[in-house]
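# Observations on the three-dimensional arrangement
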Amino acid sequence: MNIEKEINEITGFKNLELLAKQVVEGFISGLHKSPFHGFSAEFAEHKIYNNGESTKHIDWKLFAKTDKLYTKRYEEETNLRCHLIVDNSSSMHYPKLKEFNINSLNKIGFSVLASAAIMNLMKRQRDAVGLSVYSGEYEFYASEKGSERHHQMLLQKLNEALLSSEEKSQTRTYEHLHLIAEKLKRRSLVFLFTDMFQSDTEAEKLFEALQHLKYNKHEVILFHTFDKKREVNFDFSNRPKRFVDVETGEHINLYADNIKEQYEEAVQEYFHELQLRCAQYRIKYVLTDINESFNKILTTYLVERQKFG
């Protein structure tokens, strides 16, 4: 093995942990201007006081700073379990990138960094996190743990996902979700990052798999990950182009403007159908444009964490 060649060919995030920490710290500083004001002051040690609870553990010093009531949280109370699921199929590697940073992300890069940021928040909260990564096959599974060693191992696996795209491989997300549902024995918050690309015949099977997770009492949050500029607005120059399905290799040659209107209508209809089906099955559906900040992802995590009980 040529070590120098291997090192030079390695891409991905140069320091995923540091980047995730920066994302989270920027988000926390913004909480002071949001409805969560004060929550971040001593994040891992407090929870919002609910009327009717004993006032014995209220932190009056924090009340003086924030004018909000929080009670001290003890280690045995911070036992939330969370499982991150990352779709690593070929379509998630669109658009193709050679380098990854916070200003240069494709769908898998956004999902990896968002997952790492959620993990950083969970680490601060002393919560347990597990991870599943799938593409054409079930690539990786780790159950929920809270140790530093486990945290570092998951960061490594997330970074590896950026490098492991299978060319022209069709992914049956529903098969992997059924497997994950069987593996998750204790009730958890489940976050799924996927672009929801599958054939019409597989769409129904996908929702059956999501129902399987719900049946096992998990709370499921679907981050529907997409590139709005290209995949929703179809923003391409009107020159003859070849559009290739990265999972099947099928292609079509056309001028973008000739189908732009019909394409946008079809995509909006599909997104609307996804929202309705998720509402029907009580799955939290979050539109996730990779060109936006991570604040929506992290806010969703905090809100769902507060509701989880």
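Quick summary incoming for the structure in this document. Bear in mind that the values here come from a model prediction, so they are computed numbers and not experimental data.

The rules behind each value
Residues numbered from 1 in each chain as written. Predicted model: local features only at pLDDT ≥ 70, side-chain atom pairs only at ≥ 80, totals over all residues. Heavy atoms only, no water. Axes fitted to C-alpha atoms, helices over the stretch in contact; angles between N-to-C directions. Helix = DSSP H or I, 4+ residues; strand = E, 2+ residues; numbered from the N terminus. Parallel < 35°, antiparallel > 145°, perpendicular 65-115°, else oblique. Left-handed = near helix turned anticlockwise from the far one by under 90°. Contact = heavy atoms within 4.5 Å. Salt bridge = Lys/Arg side-chain N within 4 Å of Asp/Glu carboxyl O. Buried < 20%, exposed > 50% of the residue type's maximum accessible area, 1.4 Å probe, protein only. Pairing = 2+ DSSP bridges. Expected span 1.5 Å × (residues − 1).

### Topic: the packing of helix H2 (residues 16–31) against helix H4 (residues 107–125)
One way to put it is that H2 packs onto H4 with a least axis distance of 8 Å and a crossing angle of 70 degrees. Relative to H4, H2 is oriented roughly perpendicular. Seen along the crossing, H2 lies across H4 with a hand that is right-handed. Contacts between H2 and H4 involve Leu16, Glu17, Leu19, Ala20, Lys21, Val23, Val24, Glu25 and Ile28 on the former and, on the latter, Val112, Leu113, Ala116, Ala117, Asn120, Leu121, Lys123 and Arg124.

### Re the pattern of salt bridges
By the definition in use, this model includes 13 salt bridges. Its salt-bridge partner being Glu219, residue Lys214 comes within 3.7 Å of it at the nearest N-O pair. Take Glu219: its relative accessible area is 27%, and that puts it in the partly exposed class. Here Lys307 ties to Glu304 by a salt bridge, and the two come within 3.3 Å at their closest N and O atoms.

### Digging into the environment of Ser104
If you trace the backbone, Ser104 turns up in the loop between strand E3 (81–87) and H4. In sequence terms Ser104 and Asn291 are 187 residues apart; their C-alpha atoms lie 9.2 Å from each other. The contact partners of Ser104, leaving out residues within four places of it in the chain, are Leu97 and Glu99.

### Quick word on the sheet that holds strand E6 (residues 189–194)
Read across the sheet, six strands follow the order E5-E4-E3-E6-E7-E10 without closing on themselves; strand pairing throughout is mixed. Looking at strand neighbours, the two that pair on one side only are strand E5 (138–145) and strand E10 (284–289), the edges of this open sheet. When strand polarity is set aside, the average angle formed by the axes of neighbouring strands in this sheet is 15 degrees. As paired elements, E3 and E6 share five bridges and run parallel to each other. Residue pairing in the sheet places Ile85 in a bridge with Leu192 of E6. Along the sheet face, helix H6 (residues 173–183) touches E3, strand E4 (128–134), E5 and E6 and points at about 30 degrees away from the line of E5. Where helix H10 (residues 295–307) meets the sheet, it contacts E6, strand E7 (219–226) and E10, and its direction lies at approximately 165 degrees from that of E10.

### Considerations on H10
When the terminal C-alpha atoms of H10 are compared, their 18 Å separation across 13 residues agrees well with the 18 Å that a helix rising 1.5 Å per residue should span. Within H10, the full set of buried residues consists of Ile297, Leu298, Thr300, Tyr301, Leu302, Glu304 and Arg305. The secondary structure elements touched by the buried residues of H10 are H2, H4, E6, E7 and E10.

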